[in-house]
Amino acid sequence: MKRKLLIGPKLYIALMFIFFYLPILVTMFFSFNSSKSLTGFSGFSFRWYRKLVTDNNILSAVYVSVSIALIATLVSTILGTLTSIGLSKSKRVIREWLLNVNNVPIMNPEIVTAIGMMILFTSARMERGYITMLLAHIAFCTPYVIVSVYPKVRTMDHNLADVAMDLGATPYQALIKVILPMLKPGIFAGMLLAFTMSIDDFVISYFVTGNGVSNISIIVYNMTKRTNPTINALSTILILIVVVILILVEVIPKQVRKKRSRQMVMENVKPGIRKKAVIAGGFVATCIVVFFCINSFMNLNHKKVLRVYNSGEYVDMELIERFEQENDCRVVYETFDTNETMYTKLQSGSRYDVLVTSDYMIERLMKEKYLKKINWTKISNRDKIIPELLDNNFDKGNNYTIPYYWGTVGILYNKNTVSAKDLQQGWDILKNKKYKGKIYMYDSERDSFMVALKSLGFSMNTDNKKELQAAYRWLMKQNETMNPVYVGDDVIDNMISENKDMAVVYSGDGAYVIAENKNMDFFVPAQGSNVWTDAMVVTKYCSNTDLAYKFMDFFLQEDVAIQNTRYIGYDSAVKSAYEYYRDKEYAGNAGCAPDTSNPKNEEFRYQEKEIKEYCAELWTKVKSH
């Protein structure tokens with residue numbers, strides 16, 4: 001007896017398409033949102049499209065992605081096709097061995113391939129940038145072409161090439177007119193796969209690039225650190241381009257079939273004329289590319305260069321452009337996602353002039369003699385820095401650091417759902433069962449352990465394993481009883497949308513959320529918290545010290561600091577800019593302002609390797625519970 005389907009096949013198909021395309025439609029819908037919110041539509045606007053077309057970083061990333069994808073596709077297709085043909089003529093042992101080797105980069109985790117290529121380029125003393133990214137893309141695209149073309153080669157009748165040569169064709173003519181047409185489906189499949197893999201790649205590109213060269217994936221990844229709807233606009237344009245290409249692929253063949261007479265005319269054109277036309281077109285295209293490359297080189301070669309390495313979305317790029325214009329120089333600006341990623345790239349041999357990083361990482365770099373001492377006589381705006389930031393524990397006397405931004409960690413909460421009386425519990429409110437399932441914890445090992453250690457009355461920089469074990473039990477119990485959600489920067493939009501009652505956040509993020517949603521407030525428990533400082537430092541490899549000092553001094557100017565703070569949202573080290581936002585822009589959000597008066601507040605200090613690994617092991621257990 002046949003069983004009836006609970007849902008008809010058409011409905012199944014409809015649900016499948018909704019599952020696939022609803023996220024795309026939502027992305028396109030919010031690209032026209034007038035506000036930054038990614039969940040609440042506040043009005044129709046082309047705001048993010050205007051910002052997109054004026055953002056030189058994004059336009060440069062599009063150029064890098066497309067050009068590398070096209071070149072890598074072309075080269076890998078040629079290499080993969082010729083290799084496949086060559087394998088078919090090889091001995092069985094060699095053929096099987098090479099095919100197995102070819103499968104290694106396909107099955108290998110991307111991060112392993114990325115680290116391997118980064119070490120290779122470093123060992124070869126190749127300066128990372130466009131060329132290294134292109135070589136890496138060719139390397140990982142070629143195996144996919146081989147996998148697509150080789151099965152077609154195996155099914156091909158190899159006697160046809162021999163017959164063609166017996167009839168007078170040269171080996172080259174046999175390849176072009178006999179073999180390649182038979183392999184065309186496999187070649188096109190490999191070509192499309194190579195292009196897709198290249199333009200979509202992030203992990204390998206991230207580790208092999210340098211000199212400010214970023215593709216679309218890297219730019220989008222950096223944007224996700226803060227709420228940035230420009231991503232939606234960029235994604236929408238890319239989606240529309242793909243749709244147009246698909247339509248053309250469907251429409252053009254039909255038009256060609258309708259106009260066979262024109263096709264017959266083209267077939268009658270002498271092969272020599274067609275060949276000359278192709279060569280001429282290729283020559284013109286090559287000349288145009290070479291012209292633009294030479295023009296760009298001539299425009300940039302005479303300028304002074306400053307290499308800056310900073311966290312993603314941690315500077316207003318308009319200010320970088322302004323600095324370049326004022327000093328007739330070029331800033332090679334690169335970004336990282338975490339301090340640990342930055343350290344890995346430094347260890348791999350990457351060289352920068354100026355770094356912007358956090359207190360505990362600066363302490364580590366100081367111990368490893370990676371930094372130059374600051375010549376404060378070249379910093380004209382020193383008196384504009386908040387005095388308390390010039391007296392920190394990780395760099396006494398600020399011999400190596402110039403403060404950039406600072407803040408603290410606290411609890412962002414909904415005033416309508418969290419009672420003022422419960423707030424008196426401090427960090428322990430995060431274990432109050434009244435708020436079970438309504439809490440966001442920051443997905444950070446050190447910040448989460450800080451919460452537990454402060455709640456227990458310990459120092460957040462403790463290296464006492466008994467105290468760390470107590471903090472681990474605190475976090476495990478919270479995980480078991482409260483069902484917290486561990487999140488990253490997406491906490492901002494989630495709290496604006498009031499998806500949870502409370503969240504552990506940085507003060508700058510708290511101020512931004514409160515500015516967007518007046519139902520939110522922020523407080524730092526009296527038990528103490530982390531008061532962090534990010535600072536600008538000069539590396540021992542700095543090749544243009546004067547320009548580096550001008551760059552750091554530039555970001556201490558009042559107007560620059562105000563504009564940069566408007567973009568970033570955190571608290572500036574420049575006293576006037578900090579007070580401006582505290583008293584005017586974020587008036588009423590004084591609780592978000594960093595506070596150094598509480599003696600229980602601390603700065604993160606550098607962890608020794610043994611303690612760091614111990615904490616990482618405990619944190620893994622908490623997350624996997």
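Conventions we followed
- Residues numbered from 1 in each chain as written.
- Predicted model: local features only at pLDDT ≥ 70, side-chain atom pairs only at ≥ 80, totals over all residues.
- Heavy atoms only, no water.
- Helix = DSSP H or I, 4+ residues; strand = E, 2+ residues; numbered from the N terminus.
- Buried < 20%, exposed > 50% of the residue type's maximum accessible area, 1.4 Å probe, protein only.
- Contact = heavy atoms within 4.5 Å.
- Areas by Shrake-Rupley, 256 points an atom, 1.4 Å probe, with all protein chains shown as cover.
- Phe/Tyr/Trp six-rings, centres within 6.5 Å; stacked < 30°, edge-to-face > 60°.
- Lys NZ or Arg CZ within 6 Å of the ring centre and 35° of its normal.
- Polar contact = N/O pair within 3.5 Å; in protein donor to acceptor, adjacent residues only side chain to side chain.
- pLDDT = per-residue confidence, 0-100.
- Pairing = 2+ DSSP bridges.
- Right-handed = clockwise from strand over helix to strand, strands pointing away.
- Core = buried A, V, L, I, M, F, W, Y, C linked by side-chain atoms within 4.5 Å.
- Salt bridge = Lys/Arg side-chain N within 4 Å of Asp/Glu carboxyl O.

## Some remarks on the overall build of the chain
Broken down by element type, the chain carries 25 helices and ten strands. Counting only residues that meet the buried cut, the chain has 47% of its 625 residues in that class. Taking all contacts inside the chain whose residues are at least 6 apart in sequence as the whole, residues at least 24 apart take part in 74%. Summed over its atoms, the accessible surface of the chain is roughly 32600 Å², and 61% of this surface lies on carbon and sulfur atoms.

## Describing the environment of Pro151
Summarising the element assignment, Pro151 is placed in helix 6 (residues 130–155). The class for Pro151 is partly exposed, based on a relative accessible area of 43%. Put simply, Pro151 and Gly186 are 35 residues apart on the chain and 7.9 Å apart in space, counted from C-alpha to C-alpha.

## Some words on the packing of aromatic side chains
Tallied over the full model, the rule gives 29 aromatic pairs. Every member of this aromatic cluster is reached through a ring pair, and the members are Tyr314, Phe323, Tyr404, Tyr405, Tyr442, Tyr506, Trp532, Phe551, Phe554, Phe555 and Tyr570. In this structure, Arg382 packs its charged tip against the face of Trp376, placed 4.4 Å from the ring centre. Over the ring of Tyr614 we find Lys465; its NZ or CZ atom is 4.9 Å from the centre of that ring.

## Regarding the side chain of Thr408
Looking at the element boundaries, Thr408 is found in strand 4 (residues 402–414). A polar contact is formed between the side chain of Thr408 and the backbone oxygen of Asn530, at a distance of 2.9 Å.

## Considering the confidence of the model for the chain
Considering every residue of the chain, the mean pLDDT works out to 84; 87% of them sit at 70 or more. Looking at the elements of the chain, mean pLDDT is at its lowest for helix 13 (residues 271–301), recorded as 46, and at its highest for helix 22 (residues 545–554), recorded as 96. Low pLDDT, under 50, characterises residues 269–300; the predicted model gives this stretch three contacts beyond four residues in sequence or across chains. Scored below 50 in pLDDT, residues 587–591 makes six contacts in the model with residues more than four places away or belonging to other chains.

## Observations concerning the pairing of strand 2 (residues 329–336)
With seven of eight residues buried, strand 2 lies mostly within the body of the structure. Relative to strand 2, strand 1 (residues 304–311) runs parallel, the two being bridged by eight bridges. Considered in strand 2, the bridge of Val305 is made with Arg330. Each parallel crossover has a hand, and for strand 1 linked through helix 14 (residues 317–327) to strand 2 it is right-handed.

## Digging into the nonpolar core
Core analysis: the largest hydrophobic core is formed by 131 residues, its most contacted members being Leu430 and Phe555. Of the residues forming this core, the biggest block, nine residues, is contributed by helix 6. Listed in part, the 14 residues of the second largest apolar core include Ile492, Met495, Tyr512 and Met520.

## Concerning the pattern of salt bridges
Per the counting criterion, the structure on display carries 15 salt bridges. Between Glu127 and Arg307 there is a salt bridge whose closest N-O contact spans 2.7 Å. Placement of the pair is Glu127 in the loop between helix 5 (110–123) and helix 6 and Arg307 in strand 1, with a sequence separation of 180 residues. Exposure remark for Glu127: the relative accessible area of 57% places this residue in the exposed category. It is possible to trace a salt-bridge network through shared partners that takes in Arg322, Glu326 and Asp559.

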